[in-house]
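Structural overview for review
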Amino acid sequence: MLVVHGVWAGDGVAFWAEDTAAVPLSSRGSAPRFHPRAAPVASLPGGEARTLELLLPGSAKEPLPSPETGQLAELTRPSLR
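Residues numbered from 1 in each chain as written. Predicted model: local features only at pLDDT ≥ 70, side-chain atom pairs only at ≥ 80, totals over all residues. Heavy atoms only, no water.

Bridge count between strand S1 (residues 2-8) and strand S2 (residues 13-19): seven bridges; the pairing is antiparallel. Bridging across to S2, glycine 6 finds its partner in phenylalanine 15. The turn joining S1 and S2, which pair antiparallel and follow one another in sequence, is formed by four residues; a positive phi near 70° is taken by glycine 10. (Pairing = 2+ DSSP bridges. Helix = DSSP H or I, 4+ residues; strand = E, 2+ residues; numbered from the N terminus.)

Okay, here's the thing in structure tokens:
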């Protein structure tokens with residue numbers, strides 16, 4: 001299942017999706033990185049691929065899954081990263 005998100009990005013709305021079937025790959029560090037559950041661009045209709053830096057709730061390890069995915073988060077006090 002895909003959970004689609006939208007964000008205003010300068011000149012319009014940008015969309016991205018979380019894939020509930022994706023297995024997150026843990027990576028450490030504070031440098032920006034791809035969302036571990038991001039769906040491939042080809043799974044969304046139309047548009048073009050862009051890279052956006054977003055602040056999402058999570059831990060230093062990875063972002064939390066969105067509540068709409070039905071996946072439970074183990075972290076009780078997330079911060080924006």
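Taken as a whole and assessed by the stated rule, the structure comprises one salt bridge. Measuring nitrogen to oxygen at the nearest pair gives 3.7 Å for the salt bridge that ties arginine 50 to aspartate 11. With a gap of 39 residues between them, arginine 50 in the loop between S2 and strand S3 (57-58) and aspartate 11 in the loop between S1 and S2 connect regions that are remote in the sequence. (Salt bridge = Lys/Arg side-chain N within 4 Å of Asp/Glu carboxyl O.)

Attention shifts here to the environment of glycine 70. Summarising the element assignment, glycine 70 is placed in the loop between S3 and strand S4 (79-80). Look at glycine 70 and you get exposed, because its relative accessible area is 61%. (Buried < 20%, exposed > 50% of the residue type's maximum accessible area, 1.4 Å probe, protein only.)

Let's shift gears to the side chain of histidine 5. Within the element layout of this structure, histidine 5 appears in strand S1. Within the local environment of histidine 5, its side chain forms a polar contact with the side chain of glutamate 18, the two groups lying 2.7 Å apart. (Polar contact = N/O pair within 3.5 Å; in protein donor to acceptor, adjacent residues only side chain to side chain.)

Before going further, it helps to spend a moment on the side chain of arginine 37. In this structure, arginine 37 sits in the loop between S2 and S3. With relative accessibility at 6%, the residue arginine 37 sits in the buried group. A polar contact of 3.4 Å, which involves the side chain of arginine 37, links it to the backbone oxygen of proline 63.

In this section: the confidence of the model for the protein. Overall, the predicted model of the protein reaches an average pLDDT of 77, with 81% of residues at or above 70. Element-level pLDDT for the protein is lowest in S4, with a mean of 81, against a maximum mean of 88 in S1. (pLDDT = per-residue confidence, 0-100.)

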